[in-house]
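Letter by letter, the chains look like this.
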Amino acid sequence: MCGIIGYVGKKKNAIHVLINGLKALEYRGYDSAGIAYMENNKINIIKEQGKIKNLEEKIDFKIKSNLGIGHTRWATHGKPCVINSHPHKVGKITIVHNGIIENYEELKKILIQNGYSFKSETDTEVICALIDKLYNEKNDMIQVLDKCRNLLKGSYALGIINDDQPNTLYAIRKDSPLIIAIGENENYISSDVPAILDYTNKYILLDNNEIAKLTDSKIDIYNINNEIITKKIKTFEWNIEKTLKNGYDHFMLKEINEQPEVIKDTLLPYISNGYKSLLNNMPCFKNYEKIDIVACGSAYHAGLIGKYLIEKYADIPVNVEIASEYRYKKLFINNKTLVIIISQSGETADSLAALRKAKEHNIDTLAIVNVVGSSIAREAKDVLYIKAGCEIAVATTKAYSAQVAMLGLIALNIAKSKKKISNQKIDNFIQDIDTLINEMKKLLKNENYLKIAKNIYNKNNLFFIGRKIDYALAMEGSLKLKEISYIHSEAYPAGELKHGSISLIEEKTPVFAIVTDKSIAEKTISNIKEAKARGAEVILIITDELDREADFYDEKIVIPKINDLFQPLLSIIPLQLISYEVAKLRNCDIDKPRNLAKSVTVE
Ligand code: AGP
């Protein structure tokens, strides 16, 4: 969601760095893009609505520049159009912004009274005018930005250029991500690491309320007291090869295919050599009597699977909540509650707010995160990293699966600490890992997905049904299809369909039915028959142990039966790949679906 890139240095042409960086940030989701660059001590701004290639067409790449900022905008205040796109310039100040300023209307009134006028509907132009006003009064950018951080309410990552300083780039952040990347005689700012990986893997994480001043040869970071501080230089471990498509048509397809490796990497640190048994290297769960799992989107769906596994094996209640609700509701928590926040990016604004709310109540928090060093990872009491690597496609696949795998491990650890499970049973789970990986690889190669996709890609409406853990999978399957193919679908607990929504089923309405849980399979099959009797075209996803020849389905994908912990990691693969094939048949922008952002850093 909104991407920022900035460059200062004499070694490269800023314009090239900005465009490359913006392309690498495309996955975050955007609807317009722009750059500002210094040429002969004068700022030029070029902005365009739509894709970065529209912007490129307007740029003269022969121009040389040693300082610039670029931005991909995901509209929040004001529609997507050139005027609302970033960078914005007021007086001597040019900025790009990621985040939302909550008091911008108040500030705008004051600035208008002070003679400023505004061209756009954005909160960003207000920040720009504010910095310009303060600069006219104080003439010292660090003091100006210090004042600014006291006046702005909300979230922001800002890249700032001042006309008076043609070799300096400033940055400041609060609750929106920003890194400072370090080159030789050149330095960068960026929302995320992929944008700078072509040039360097050394970076500094800018913390909330810190100000950065960058020239080609120096980076000064100022703390809240305006003192220069020394920050740890980090090295990014994911390499650029891994962030490229590696021959796949789309990042999503590549990421789906990476799942066996990702699951192995995620589980490995917690089990002993040769996949034999569980290591005791997770936080101690013994004292918790209740768990709240909080997340958004697919991470929430992973949390629902975690609930089934933890309740079943560890025998304690688990409440799964959507973060945007949790952050505003009354909490029923005490010192025996653990709050688990799940987030691929570690920057999702609602999940971060939920984490902070739990911390305000002095509740222990555990984060399950993919992006190392992200805000949620840093702020939670404990963090368990999934090892999904860089996930570029907006629709999550491998990170979701890794979250599910991590929750399975957590379920085992809690069950063990509460003596609810025997060591032998734990070992049996762990020893299935090899089988899991092999079966995942086989399912990835199944050739029926395209055939099923061809039957449903021109439908307008469909359903996903299942019970218990299969309902949680249905929710994720439905979201995958919706977000990348733009086909409306709903996920329902199979038994609930007849309480209203079955009226939507007509001749040939596709219904995906997931049946992997033996304890409830016959009940689900009765519900499938109810849908079939009303004309549904049923696509059955069933385990081999429950499979049968019958007339209540039209298409069938049989998946191997494995233990409860690992079953969802097999069941989700057909759903991911069918969604992918459907979206491809509909010519959708699979890796960057419309209106969506990879990391939702606004509320
Ligand atoms: C799913 O494919 C999504 N793109 C979305 O639902 C995502 O899972 C959600 O926004 C949460 O993101 P996070 O894991 O980075 O917090």
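Residues numbered from 1 in each chain as written. Predicted model: local features only at pLDDT ≥ 70, side-chain atom pairs only at ≥ 80, totals over all residues. Heavy atoms only, no water.

## Quick look at the state of the cysteines
Thinking step 1. Per the counting criterion, the structure on display carries zero disulfides.
Thinking step 2. Summary of cysteine pairing: cysteine 390 is not part of a disulfide, and the nearest cysteine sulfur, belonging to cysteine 2, is at 19 Å. (Disulfide = S-S within 2.5 Å.)

## Overview of the sheet that holds strand S11 (residues 202–205)
Thinking step 1. Here eight strands make up an open sheet; going across it, the order is S3-S2-S4-S1-S10-S9-S11-S15 and the pairing antiparallel. In this open sheet, the two edge strands, each paired with only one partner strand, are strand S3 (42–49) and strand S15 (234–235).
Thinking step 2. Looking at chain direction, strand S1 (residues 3–9) and strand S10 (residues 186–190) are connected through five bridges and run antiparallel. Residue pairing across strands places isoleucine 5 opposite serine 190, the latter belonging to S10.
Thinking step 3. Of the strands in this sheet, S1, strand S2 (32–39), strand S4 (67–73) and S10 touch helix H1 (residues 14–24), which is tilted by about 155 degrees from S1. (Pairing = 2+ DSSP bridges. Helix = DSSP H or I, 4+ residues; strand = E, 2+ residues; numbered from the N terminus. Contact = heavy atoms within 4.5 Å. Axes fitted to C-alpha atoms, helices over the stretch in contact; angles between N-to-C directions.)

## Considering the packing of aromatic side chains
How two aromatic rings sit relative to each other is given by the distance of their centres and the angle of their planes.
Thinking step 1. With the rule as written, the count across this model stands at seven aromatic pairs.
Thinking step 2. Consider the rings of tyrosine 203 and phenylalanine 236, whose centres lie 6.4 Å apart with planes at 70 degrees: the pair is edge-to-face. Pair noted here: tyrosine 203 is in strand S11 and phenylalanine 236 is in the loop between S15 and helix H6 (240–243), with a separation of 33 residues, a long-range link. In this structure, tyrosine 203 and phenylalanine 236 share a single accessibility class: buried.
Thinking step 3. Taken together, the aromatic side chains of Tyr7, Tyr188 and Tyr199 make up a single cluster linked through ring pairs.
Thinking step 4. The ring of tyrosine 486 has arginine 594 lying over it, and the distance from NZ or CZ to the ring centre is 3.8 Å. (Phe/Tyr/Trp six-rings, centres within 6.5 Å; stacked < 30°, edge-to-face > 60°. Buried < 20%, exposed > 50% of the residue type's maximum accessible area, 1.4 Å probe, protein only. Lys NZ or Arg CZ within 6 Å of the ring centre and 35° of its normal.)

## Considerations on the environment of aspartate 564
Thinking step 1. By the secondary structure assignment, aspartate 564 is in the loop between strand S25 (555–559) and helix H19 (567–585).
Thinking step 2. Expressed as a C-alpha distance, the spacing of aspartate 564 and threonine 72, which sit 492 residues apart in the sequence, is 42 Å.
Thinking step 3. Excluding its chain neighbours within four sequence positions, the residues that come into contact with aspartate 564 are Leu309, Lys312, Tyr313 and Phe429.
Thinking step 4. A polar atom in the side chain of aspartate 564 sits 2.6 Å from the side chain of tyrosine 313. (Polar contact = N/O pair within 3.5 Å; in protein donor to acceptor, adjacent residues only side chain to side chain.)

## With respect to the site of the ligand
Thinking step 1. Taken together, the neighbourhood of the ligand is formed by 14 residues, with Ser343, Gln344, Ser345, Thr348 and Glu483 sitting nearest.
Thinking step 2. Side-chain polar atom of threonine 348 to an oxygen atom of the ligand: 2.4 Å apart, as the coordinates give it.
Thinking step 3. The separation between a nitrogen atom of the ligand and a polar main-chain atom of valine 394 is 2.8 Å.
Thinking step 4. Expressed as a share of its isolated accessible area of 410 Å², the protein-covered part of the ligand is 90%.
Thinking step 5. Of all the cavities here, the one that holds the ligand is the second largest pocket.
Thinking step 6. Secondary structure elements with two or more residues in the shell around the ligand: helix H9 (297–314) and helix H17 (469–485).
Thinking step 7. Across the shell around the ligand, the residue classes break down as five nonpolar, seven polar and two charged.
Thinking step 8. Summarising the domain contributions, the shell around the ligand has at least three residues from each of domain 2 (239–431) and domain 3 (445–596). (Near = heavy atom within 4 Å. Areas by Shrake-Rupley, 256 points an atom, 1.4 Å probe, with all protein chains shown as cover. 1 Å grid on protein atoms, 1.4 Å probe; cavity = no way out; pocket = protein on both sides within 12 Å on 5 of 7 lines; lining within 4 Å. Sits in = over half its atoms within 2 Å of the grid points. Nonpolar A, V, L, I, M, F, W, Y, C, P; charged D, E, K, R; others polar. Domains from an automatic or database assignment.)

## Observations regarding the layout of surface pockets
Thinking step 1. Considered as a void within the structure, the second largest pocket measures approximately 600 Å³ in volume.
Thinking step 2. Lining of the second largest pocket is provided by 28 residues; of these, Cys296, Gly297, Ser298, Lys598 and Val600 occupy positions nearest its centre.
Thinking step 3. Breaking the lining of the second largest pocket down by element, the ones donating at least two residues are H9, strand S18 (337–343), helix H11 (349–360), helix H13 (398–417) and H17.
Thinking step 4. Partitioning the lining of the second largest pocket into residue classes produces 14 nonpolar, 10 polar and four charged.
Thinking step 5. Residue assignment places the lining of the second largest pocket across two domains, with domain 2 (239–431) and domain 3 (445–596) each supplying three or more. (Points joined across faces, edges and corners; volume = space filled by probe spheres on them.)

## Re the sheet that holds strand S7 (residues 154–162)
Thinking step 1. Strand order in this open sheet of seven strands is S5-S6-S7-S8-S12-S13-S14, and the pairing throughout is antiparallel. On the outer flanks of this sheet lie strand S5 (88–90) and strand S14 (228–229), each paired with one strand and no other.
Thinking step 2. Of the pairings in the sheet, the one linking strand S13 (residues 219–222) to S14 comprises two bridges and is antiparallel in character. In the sheet register, tyrosine 222 faces S14, and the bridge partner there is isoleucine 228.

## Some details on the environment of isoleucine 368
Thinking step 1. Tracing the sequence through the fold places isoleucine 368 in strand S19 (residues 364–369).
Thinking step 2. Its relative accessible area of 0% is what places isoleucine 368 among the buried residues.
Thinking step 3. For the pair isoleucine 368 and leucine 384, spaced 16 residues apart in sequence, the C-alpha separation works out to 5.0 Å.
Thinking step 4. The residues contacting isoleucine 368, other than those within four sequence positions of it, are Ile340, Ile341, Ile342, Ser343, Leu384, Ile386, Gln403, Met406, Leu407 and Ile410.

## Side note on the packing of H17 against H19
Thinking step 1. Viewed as axis vectors pointing N to C, H17 and H19 meet at an angle of 20 degrees, and their least axial separation amounts to 9 Å. One finds that H17 runs roughly parallel with respect to H19. Crossing handedness for the pair H17 and H19: right-handed. Here Ile469, Leu473, Glu476, Gly477, Lys480, Leu481, Ile484 and Ser485 of H17 come into contact with H19, specifically with Pro568, Ser571, Ile572, Leu575, Ser579, Tyr580, Val582 and Ala583.
Thinking step 2. Grouping the constituent residues of the contact of H17 with H19 by class yields 10 nonpolar, four polar and two charged. (Parallel < 35°, antiparallel > 145°, perpendicular 65-115°, else oblique. Left-handed = near helix turned anticlockwise from the far one by under 90°.)

## Observations regarding the domain arrangement of the protein
Thinking step 1. Per the domain assignment, the segments making up the protein are domain 1 (2–236), domain 2 (239–431) and domain 3 (445–596).
Thinking step 2. Each of domain 1 and domain 3 has a C-alpha centre, and these two points are 44 Å apart.
Thinking step 3. In this assembly, six residues from domain 1 lie in contact with four residues from domain 3.
Thinking step 4. The contact between domain 1 and domain 3 buries some 350 Å² in all, and 46% of this surface belongs to carbon and sulfur atoms.
Thinking step 5. Considering only the side of domain 1, the residues that lose the most area to domain 3 are Glu26, Lys51 and Trp74, jointly responsible for 72% of the buried surface there.
Thinking step 6. Here domain 1 and domain 3 share two salt bridges between them.
Thinking step 7. Put simply, glutamate 26 and lysine 592 hold a salt bridge, and the shortest N to O gap is 3.7 Å. (Buried area = accessible area lost by both parts, 1.4 Å probe. Salt bridge = Lys/Arg side-chain N within 4 Å of Asp/Glu carboxyl O.)

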